[in-house]
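Letter by letter, the chains look like this.
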Amino acid sequence: MVGKVVIITGGNSGIGLETAKNLAERGAKVIIACRSASRGAAAKEEIIKASGNPNVNYELLDLESLQSVREFCATIMKKEERLDVLINNAAAGGLGNSKTKDGLHKGMQVNFFGPFLLTYLLLPLLKSSAPSRIINVSSAMHHYGKMDFDNLNMEKQWSDLSVYANSKLYLNLMTLELSRRLNNNEVTANAVHPGIAATNLFKHITNSIIRNTVMKCINFLFQDSWEAAQTSVYVAVSPEVAGKSGLYFSNCQEKKPSKLSQDPDLAKKLWLKSEKLVNLSCHS
Ligand SMILES: NC(=O)c1ccc[n+]([C@@H]2O[C@H](COP(=O)([O-])OP(=O)(O)OC[C@H]3O[C@@H](n4cnc5c(N)ncnc54)[C@H](O)[C@@H]3O)[C@@H](O)[C@H]2O)c1
């Protein structure tokens, strides 16, 4: 990965942090995108220490704000000459039923509409750096996602679980549509289920006894963040994945996502509706 530039959103915690360390160890220039300067600076030091690679930076990004996404992308386009790998890893659960100042459902914006806009705005750099790769960190929870174009912004009906599941289904559909749109550009897009790991993703469980029990069970039954990062790393670097696009990976292997995730008409329609919802002026 020497000479390659990688962006990892949410690279300061959990699976994203382990992904960042791994790609830095492989010699890439790693840019982590995170909300807080202090957490970004601490993670940067940790990644440099773990990898021995000083070529690590952080940039501020709050996916709850489309303005922040735009500013982040403008900074990257100004500072970086290339972008070889974009990993849309950041996400949150349990954000409740509130709207952002952009008028979007908070959980949907953090997990889908924000990453959608971010990817869209970085496409020119990804295209000019081709062959390049987009990795969308999804979840097996997408199997519970539903597609209702009248409820994209979760206004008719919502629950924390349905927001999370729908956002991951939409991420899979965005992956499919990206692969269609980028067919001739040598930019690939794939989705990943990292597996279950005890991370800050579960911090919204406010009862500390329940949270600690959940974390202990996950630690006992599943894997740690290092293992959970391996599929993102595999799809980012492996020659076996070169040229493959529009696929879903888990456990470093191609897997079939849900039937809805594979529907090209849904993917096209979602893309066009999302362009409008994030206020992209030139729709395609
Ligand atoms: N941990 C699991 O069991 C599991 C299972 C399936 C999928 N995933 C997915 O893996 C990815 C990484 O999650 P994790 O488990 O490492 O959790 P985590 O909470 O440790 O990491 C999530 C990252 O996203 C960032 N983030 C949250 N809201 C943000 C915002 N508004 N703007 C910018 N960044 C924001 C957090 O700061 C954090 O760095 C997520 O996409 C998650 O949905 C995790």
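What counts as what
Residues numbered from 1 in each chain as written. Predicted model: local features only at pLDDT ≥ 70, side-chain atom pairs only at ≥ 80, totals over all residues. Heavy atoms only, no water. Axes fitted to C-alpha atoms, helices over the stretch in contact; angles between N-to-C directions. Helix = DSSP H or I, 4+ residues; strand = E, 2+ residues; numbered from the N terminus. Parallel < 35°, antiparallel > 145°, perpendicular 65-115°, else oblique. Left-handed = near helix turned anticlockwise from the far one by under 90°. Contact = heavy atoms within 4.5 Å. Nonpolar A, V, L, I, M, F, W, Y, C, P; charged D, E, K, R; others polar. Near = heavy atom within 4 Å. Polar contact = N/O pair within 3.5 Å; in protein donor to acceptor, adjacent residues only side chain to side chain. Areas by Shrake-Rupley, 256 points an atom, 1.4 Å probe, with all protein chains shown as cover. Salt bridge = Lys/Arg side-chain N within 4 Å of Asp/Glu carboxyl O. Buried < 20%, exposed > 50% of the residue type's maximum accessible area, 1.4 Å probe, protein only. Phe/Tyr/Trp six-rings, centres within 6.5 Å; stacked < 30°, edge-to-face > 60°.

Under an unreviewed UniProt entry, the name given to the chain is Retinol dehydrogenase 13, and the organism recorded is Papilio xuthus.

Turning to the packing of helix H1 (residues 14-25) against helix H8 (residues 230-237), a few remarks are in order. Interaxial distance between H1 and H8 falls to 9 Å at its minimum, and their mutual angle equals 40°. By the criterion of interaxial angle, the relationship of H1 to H8 is oblique. In the crossing of H1 with H8, the sense of the turn from one axis to the other is right-handed. Between H1 and H8, the contacting residues are Thr-19, Asn-22 and Leu-23 on the first element and Gln-230, Ser-232, Val-233, Ala-236 and Val-237 on the second. Tallied by class, the residues present in the contact of H1 with H8 amount to four nonpolar, four polar and no charged.

With that settled, the discussion passes to the site of the ligand. In the vicinity of the ligand lie 28 residues, with Ser-13, Ile-15, Asn-89, Tyr-164 and Thr-199 positioned nearest. Side-chain polar atom of Ser-13 to an oxygen atom of the ligand: 2.5 Å apart, as the coordinates give it. Here an oxygen atom of the ligand sits 2.7 Å away from a polar atom, N or O, in the main chain of Asn-89. Here the ligand loses 96% of its free accessible area of 820 Å² to cover by the protein chains. Mapped onto the shell around the ligand, the elements with two or more residues apiece are H1 and helix H5 (160-181). Counted by class, the shell around the ligand contains 13 nonpolar, 11 polar and four charged residues.

The next point concerns the pattern of salt bridges. One pass over the structure, following the stated rule, counts nine salt bridges. Residue Asp-84 is joined to Arg-82 by a salt bridge in which the shortest nitrogen-to-oxygen separation is 2.6 Å. Among the residues examined, Asp-84 registers a relative accessible area of 2% and is labelled buried. Given a relative accessible area of 31%, Arg-82 falls into the partly exposed group. A salt bridge links Glu-155 to Lys-99, with the shortest nitrogen-to-oxygen separation between them at 2.6 Å. Placement of the pair is Glu-155 in the loop between strand E5 (132-137) and H5 and Lys-99 in the loop between strand E4 (85-88) and helix H4 (106-128), with a sequence separation of 56 residues. Linked by salt bridges that have partners in common, Glu-18, Lys-21 and Glu-46 make up one network.

Here the structure, examined in full by the defined rule, presents seven aromatic pairs. Ring plane angle 65° and centroid distance 6.2 Å describe the contact between Tyr-234 and Phe-249, whose orientation is recorded as edge-to-face. Here Phe-249 lies in strand E7 (residues 247-250) and Tyr-234 lies in helix H8, a separation of 15 residues in the sequence. For the pair formed by Tyr-234 and Phe-249, the shared burial category is buried. Following the ring pairs from residue to residue traces out a cluster consisting of Phe-112, Phe-113, Phe-116, Tyr-120, Tyr-170 and Trp-271.

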